[in-house]
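Residues per chain, in single letters:
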Amino acid sequence: KQEVTQIPAALSVPEGENLVLNCSFTDSAIYNLQWFRQDPGKGLTSLLLIQSSQREQTSGRLNASLDKSSGRSTLYIAASQPGDSATYLCAVTGGIRDDKIIFGKGTRLHILP
Amino acid sequence: DAGVTQSPTHLIKTRGQQVTLRCSPKSGHDTVSWYQQALGQGPQFIFQYYEEEERQRGNFPDRFSGHQFPNYSSELNVNALLLGDSALYLCASSRGGHGEQYFGPGTRLTVT
């Protein structure tokens, strides 16, 4: 059964710092991994999608990496801003005999002005 | 492009009642997935619909059922509501089951 873990559960950093959010999954037979952002009480906004054959994806100040063999992904945020404050979720699609989309519990990020 | 839309935005129901939530996918998308998100938790996969059939199902009881229409829009039905069904219900659409998921704003269901 696929399980997704995100560490840390919460993180506070001063504005301007670079930071890394971690995501791990137990079954490496995934189709893809997606990072989302969620503001309080709102839906999810897709940030980056990494296909299983890819190692990383970049969008602006965001960079996501994927290491399937070790079951890990990281989301790197450069030069953090107060507007980056949100919950960040990772989700994996697929696994051995399991094609469901499984989310982690998220990391609550607070950027201090 | 309107993106994924959901209705209603908020809903209050009483225990034992039934509820129907609606979702319209992003233009060009043929697959709809439903999720339940309790406070402070990640979304939990309920089921996925493709070509008007349930393609995948998460660990949810039969009280949760769904439907997909020929225009790819979808409904989530929950019968015999329990207090524990109170949550944010999210709909996501994609092009195929493994495509990038685009989420709607969600429906906040409160069961009293």
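Overview of the structure. Keep in mind it's a predicted model, so treat the numbers as computed, not measured.

**Quick notes on the sheet that holds strand β3 (residues 19-24) of chain B**
The strands that make up a sheet are held in pairs by hydrogen bonds between backbone atoms, and each pair lies either parallel or antiparallel.
Residue and element names in this part refer to chain B.
So, point 1. Read across the sheet, four strands follow the order β1-β3-β8-β7 without closing on themselves; strand pairing throughout is antiparallel. Either end of the sheet is taken by a strand with one partner, and the two such strands are β1 (5-7) and β7 (64-68). The average undirected angle you get between the axes of adjacent strands in this sheet is 20°.
So, point 2. Alignment of β1 against β3, held across three bridges, turns out to be antiparallel. Pairing of Q6 across the sheet is with C23, part of β3.

**A short note on the interface of chain A and chain B**
So, point 1. At the junction of the two partners, chain A supplies 19 residues and chain B supplies 23 residues.
So, point 2. For the pair chain A and chain B, the two sides together bury roughly 1,600 Å², of which 55% comes from carbon and sulfur.
So, point 3. Counting the contacts that link chain A with chain B gives three residue pairs in polar contact (both at pLDDT 80 or more).
So, point 4. Every element with two or more residues in the side of chain A that touches chain B is listed here: β4 (32-38), β5 (44-51), β9 (86-93) and β10 (101-103) of chain A.

**Considerations on the environment of K13 of chain B**
Residue and element names in this part refer to chain B.
So, point 1. Here K13 shows up in strand β2 (residues 10-13).
So, point 2. For K13, a relative accessible area of 22% puts it in the partly exposed group.
So, point 3. Between the C-alpha atom of K13 and that of L109, which follows or precedes it by 96 residues, the distance is 7.5 Å.
So, point 4. With residues up to four places along the chain from it excluded, the contact list for K13 reads Q18, V19, L81, L109, T110, V111 and T112.

Cut-off values and rules
Residues numbered from 1 in each chain as written. Chains lettered and ligands numbered in written order. Predicted model: local features only at pLDDT ≥ 70, side-chain atom pairs only at ≥ 80, totals over all residues. Heavy atoms only, no water. Pairing = 2+ DSSP bridges. Helix = DSSP H or I, 4+ residues; strand = E, 2+ residues; numbered from the N terminus. Axes fitted to C-alpha atoms, helices over the stretch in contact; angles between N-to-C directions. Contact = heavy atoms within 4.5 Å. Buried area = accessible area lost by both parts, 1.4 Å probe. Polar contact = N/O pair within 3.5 Å; in protein donor to acceptor, adjacent residues only side chain to side chain. Buried < 20%, exposed > 50% of the residue type's maximum accessible area, 1.4 Å probe, protein only.

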